[in-house]
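Tertiary structure, described
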Amino acid sequence: MTAVLFDLFGVIARHQSPAACARLESTARVSGDAFWKSYWALRQPYDRGDRNGAEYWHTVADALGVRFDEERITELIAADVASWSRVDDAMVEYVRGLADNGVTIGLLSNIPEELAAHYEKHQEWLKLFPVLAFSCRIGHAKPEADAYTWCSTAFGLPPEHILFVDDRRANVEAAEALGMRGHVFTSLAELRPALPRTTG
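What counts and what doesn't
- Residues numbered from 1 in each chain as written.
- Predicted model: local features only at pLDDT ≥ 70, side-chain atom pairs only at ≥ 80, totals over all residues.
- Heavy atoms only, no water.
- Helix = DSSP H or I, 4+ residues; strand = E, 2+ residues; numbered from the N terminus.
- Polar contact = N/O pair within 3.5 Å; in protein donor to acceptor, adjacent residues only side chain to side chain.
- Contact = heavy atoms within 4.5 Å.
- Salt bridge = Lys/Arg side-chain N within 4 Å of Asp/Glu carboxyl O.
- Buried < 20%, exposed > 50% of the residue type's maximum accessible area, 1.4 Å probe, protein only.
- 1 Å grid on protein atoms, 1.4 Å probe; cavity = no way out; pocket = protein on both sides within 12 Å on 5 of 7 lines; lining within 4 Å.
- Points joined across faces, edges and corners; volume = space filled by probe spheres on them.
- Nonpolar A, V, L, I, M, F, W, Y, C, P; charged D, E, K, R; others polar.
- Pairing = 2+ DSSP bridges.

This part covers the side chain of Asp166. The residue Asp166 is located in strand S4 (residues 162-166) in this model. Of note is the side chain of Asp166, whose polar atom sits 2.8 Å from the side chain of Lys142. Aside from chain neighbours lying at most four places away, what touches Asp166 is Asp7, Val11, Lys142, Asn171, Val172, His183, Val184 and Phe185.

Evaluated as defined, the whole model comprises eleven salt bridges. Across the pair Arg43 and Asp47 runs a salt bridge whose closest N-O atoms are separated by 3.7 Å. Placement of the pair is Arg43 and Asp47 together in helix H3 (residues 43-48), with a separation of four residues, close to one helical turn. The exposure classification of Arg43 matches that of Asp47, with both residues buried. Its salt-bridge partner being Glu124, residue Arg96 comes within 3.1 Å of it at the nearest N-O pair. Highlighted residues: Arg96 in helix H6 (residues 89-100) and Glu124 in the loop between helix H7 (113-122) and strand S3 (131-134), separated in sequence by 28 residues. On the basis of relative accessible area, Arg96 is assigned to the partly exposed category, the value being 22%. Several salt bridges share partner residues, and in doing so they unite Asp7, Lys142 and Asp166 into one network.

This next bit is on the layout of surface pockets. The space that makes up the largest pocket amounts to roughly 370 Å³. Lining the largest pocket are 17 residues; nearest its centre among them are Trp40, Asp47, Asn110, Arg168 and Asn171. Of the residues forming the lining of the largest pocket, the biggest block, three residues, is contributed by H3. Classifying every residue of the lining of the largest pocket gives six nonpolar, four polar and seven charged.

Let us look at the pairing of strand S2 (residues 104-109). With five of six residues buried, S2 lies mostly within the body of the structure. Relative to S2, strand S1 (residues 3-6) runs parallel, the two being bridged by four bridges. By the bridge assignment, Ala3 is partnered in S2 with Thr104. Alignment of S2 against S3, held across four bridges, turns out to be parallel. Among the inter-strand pairings, Gly106 is bridged to a residue of S3, identified as Val131.

In structure tokens form, the structure reads like this:
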């Protein structure tokens, strides 16, 4: 293993909090399972960059049988970006340690353009990653095989020389199917032994 490819959300950044989810539901004025079913079912084209934020929220509204005007969509985009903006400081420092120790690292994230731009503006540690694969920029989203192939090409390494770290088993299994090593992330304590040659 000569490179480590990290997922972002659920590994270095945190998932949406209950308060953030409640803010989204309140902004949409739709709550419960119906809202989240549409939110997730329609997310992949948005993450892949096939739709922008306004187009995504219009499709969500159509699925819910409601209408979001321009002002509401602006508020929904802001609430959505905020909901994904918390980072795990311990993981950021761990990644920084890996980089300082000469470990080749990359980031592969399913992320829409508005959120990617927010992270680039506010999280300077993204510069630690020589390979930065935002789904909205590369045109492929996990668990699509091309997302992993893009990263392998960007590293200039065969898949078997890459360890992929993600909190979703389906994403890890997709990487393993292409020859990468995989680690299902649960905690930093569980991750450290997977990288025995590092001291980050």
